[in-house]
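# Notes for the structure review
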Amino acid sequence: MCDVVALGELLIDFTENGESAQGNPLLEANPGGAPCNVLAMLNKLGKKTAFIGKVGDDSFGQMLTEAVKGSGTDVTNLIVDETVHTTLAFVHTLPDGDRQFSFYRNPGADMMLRKDEVMDDVIKGGRIFHFGTLSSTHEEVREATRYAIDVAEENGLLISFDPNLREMLWESLEDARREIEYGLSKCDILKISDNEMEFMTGTTDYTKGVAMLREKYKIPLIFVTLGKEGSRAYYKDMIVEVKPFLQENTIETTGAGDTFEGCALNYVLDHGIEELTEENLRELLTFANAGASIITTRKGALKVMPDKEEIQALIEAH
């Protein structure tokens, strides 16, 4: 039994970490992948988690397996592929802290997960199933993802979806749009960024965009993350917005959305999704914004998630 089961990519994020004596960029190999980042945050908050995915039979795969297991996540359904290498991502940090990604994934082990490798019992023991679209970029892993979603639905799990759009990984943006639409049609909880909202609805009026999505997909709880503008929650007839916790020592934004997601799912696990109040939503967003703020001051994400006391201290300081 566990609280949250996630399926998706597990990879190495090579992030910039200064220069060598020769002036060459130094890159740090950080364990990454959005689904496992979310689970790592949940582990820090005392929840039980499990991951479904695939890594290569190489040193990076071993490193990732140890990191995920060390964070507290169950890795029973983490498969090792003996023929395809672990996926790598190179992260270039822009002056404003935002990022550009270059992926080495043609193929990468994470996209080779097969339907017959998904363990039903791992999913059946959960309360929430979480996924994104990087596990839908190619046919084999897409089939595995959809099978896992079906198992989750049949067993009454809440479905959580984060589009996590990475445009360079798709053969066409229409393919990306179609898979995001599939995720929207399945989820009870949606975490979507401002740029993803614009991509899917064509508007920067996010309340209008949410109305468009709700009309078509009937999603009960929607979070819109707005970067330096904070975040919003849309639930029933309520719209709640909370400002961010901006920090002078921000390094980069890698993992901020995943930290937010983990904090948000933790709140749903504690309070349910049926009778949330405006006060509940404000408390949720405040905690999630604070958690996301802390992770922007650290290199990497999965191994450096904040704990509850750190997040509460930041909230009290403001």
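Right, let's walk through the structure included here. Quick caveat, the model's predicted, so the values are computed rather than measured.

Taking 1.5 Å as the rise per residue, helix α5 (residues 173–186) with 14 residues should run 20 Å; its terminal C-alpha atoms sit 20 Å apart, in good agreement. Burial in α5 covers these residues: A176, E179, I180, Y182, G183 and L184. Those residues of α5 hidden inside the fold are in contact with β8 (128–132), α4 (139–154), β9 (158–162), β10 (189–193), α6 (194–201) and α7 (206–217).

All right, on to the packing of aromatic side chains then. For the coordinates displayed, the defined rule picks out six aromatic pairs. Ring plane angle 90° and centroid distance 5.7 Å describe the contact between F14 and F60, whose orientation is recorded as edge-to-face. With F14 in strand β2 (residues 11–19) and F60 in helix α2 (residues 59–71), the pair connects residues that are 46 residues apart, well separated along the chain. An aromatic cluster is built from F14, F60, F90 and Y104, whose rings are joined through pairwise contacts. The positively charged end of R146 is found above the aromatic ring belonging to Y182, 3.8 Å away from the centroid. Above the ring of F199, the side-chain terminus of R177 is found at 4.2 Å from the ring centroid.

Turning next to the environment of T297. Examined against the element boundaries, T297 turns out to sit in the loop between α9 (278–295) and α10 (308–317). Exposure remark for T297: the relative accessible area of 18% places this residue in the buried category. Beyond its immediate stretch of four places on either side in the chain, T297 contacts Q247, N249, T250 and I251. There is a polar contact of 2.6 Å between the side chain of T297 and the backbone oxygen of I294.

Another point: the environment of T83. You can see T83 is positioned in the loop between β5 (74–81) and β6 (88–93). Polar contacts involving the side chain of T83 include one to the side chain of D81, which spans 2.7 Å.

Spatially, β5-β4-β1-β8-β9-β10-β11-β12-β13 is the arrangement adopted by the nine strands of the open sheet, whose pairing is mixed. The open sheet has two edge strands with one neighbour each: β5 and β13 (238–242). Within this sheet the neighbouring strands show an average axis-to-axis angle of 15°, counted without direction. Bridge count for strand β1 (residues 4–7) against strand β4 (residues 49–56) is four bridges, and the pairing is parallel. Note on β4: the bridge partner recorded for V4 is T49. Contacts between α9 and the sheet are confined to β11 (221–225), β12 (231–235) and β13, with β13 contributing the most and set at about 30° to the helix.

Attention shifts here to the nonpolar core. In terms of nonpolar packing, the biggest core is built from 54 residues, with L10, L221, F223, L281 and L285 touching the most fellow members. Residue contributions to this core peak at nine residues, all from α9. Once residues within four sequence positions are removed from consideration, L221 is found in contact with D188, I189, L190, Y234, Y235, V268, I273, L276 and L281. Core analysis: the second largest hydrophobic core is formed by 43 residues, V122, A148, A152 and V224 among them.

Attention now moves to unusual backbone geometry. Note the cis peptide between N106 and P107, where omega equals 0°. Among the secondary structure elements, P107 is positioned in the loop between β7 (99–104) and α3 (120–124). Phi at N164 takes a positive value of approximately 45°, unusual for a residue other than glycine. Take N164: it is sitting in the loop between β9 and α5. Take N164: its relative accessible area is 10%, and that puts it in the buried class. We note that K236 has phi near 50°; this positive angle belongs to a residue other than glycine. Its place among the elements puts K236 in the loop between β12 and β13.

Right, let's get into the pairing of β1. The side-chain alternation of β1 yields two buried faces, one formed by V4 and A6 and the other by V5 and L7. In terms of strand pairing, β1 meets β8 through three bridges, oriented parallel. The residue bridging A6 from the neighbouring strand is H130, located in β8.

It is worth spelling out the packing of α6 against α7 at this point. As a packed pair, α6 and α7 sit with axes 10 Å apart at the nearest point and diverge in direction by 55°. The angle between the axes of α6 and α7 places the two elements in the oblique class. Crossing handedness for the pair α6 and α7: left-handed. Across from D194, M197 and T201 in α6, the residues of α7 making contact are Y206, G209, V210, M212 and L213. Residues of the contact of α6 with α7, tallied by class, amount to five nonpolar, two polar and one charged.

Criteria and cut-off values
Residues numbered from 1 in each chain as written. Predicted model: local features only at pLDDT ≥ 70, side-chain atom pairs only at ≥ 80, totals over all residues. Heavy atoms only, no water. Helix = DSSP H or I, 4+ residues; strand = E, 2+ residues; numbered from the N terminus. Expected span 1.5 Å × (residues − 1). Buried < 20%, exposed > 50% of the residue type's maximum accessible area, 1.4 Å probe, protein only. Contact = heavy atoms within 4.5 Å. Phe/Tyr/Trp six-rings, centres within 6.5 Å; stacked < 30°, edge-to-face > 60°. Lys NZ or Arg CZ within 6 Å of the ring centre and 35° of its normal. Polar contact = N/O pair within 3.5 Å; in protein donor to acceptor, adjacent residues only side chain to side chain. Pairing = 2+ DSSP bridges. Axes fitted to C-alpha atoms, helices over the stretch in contact; angles between N-to-C directions. Core = buried A, V, L, I, M, F, W, Y, C linked by side-chain atoms within 4.5 Å. Parallel < 35°, antiparallel > 145°, perpendicular 65-115°, else oblique. Left-handed = near helix turned anticlockwise from the far one by under 90°. Nonpolar A, V, L, I, M, F, W, Y, C, P; charged D, E, K, R; others polar.

Read these as layout, nothing more, since geometry by itself doesn't imply function.
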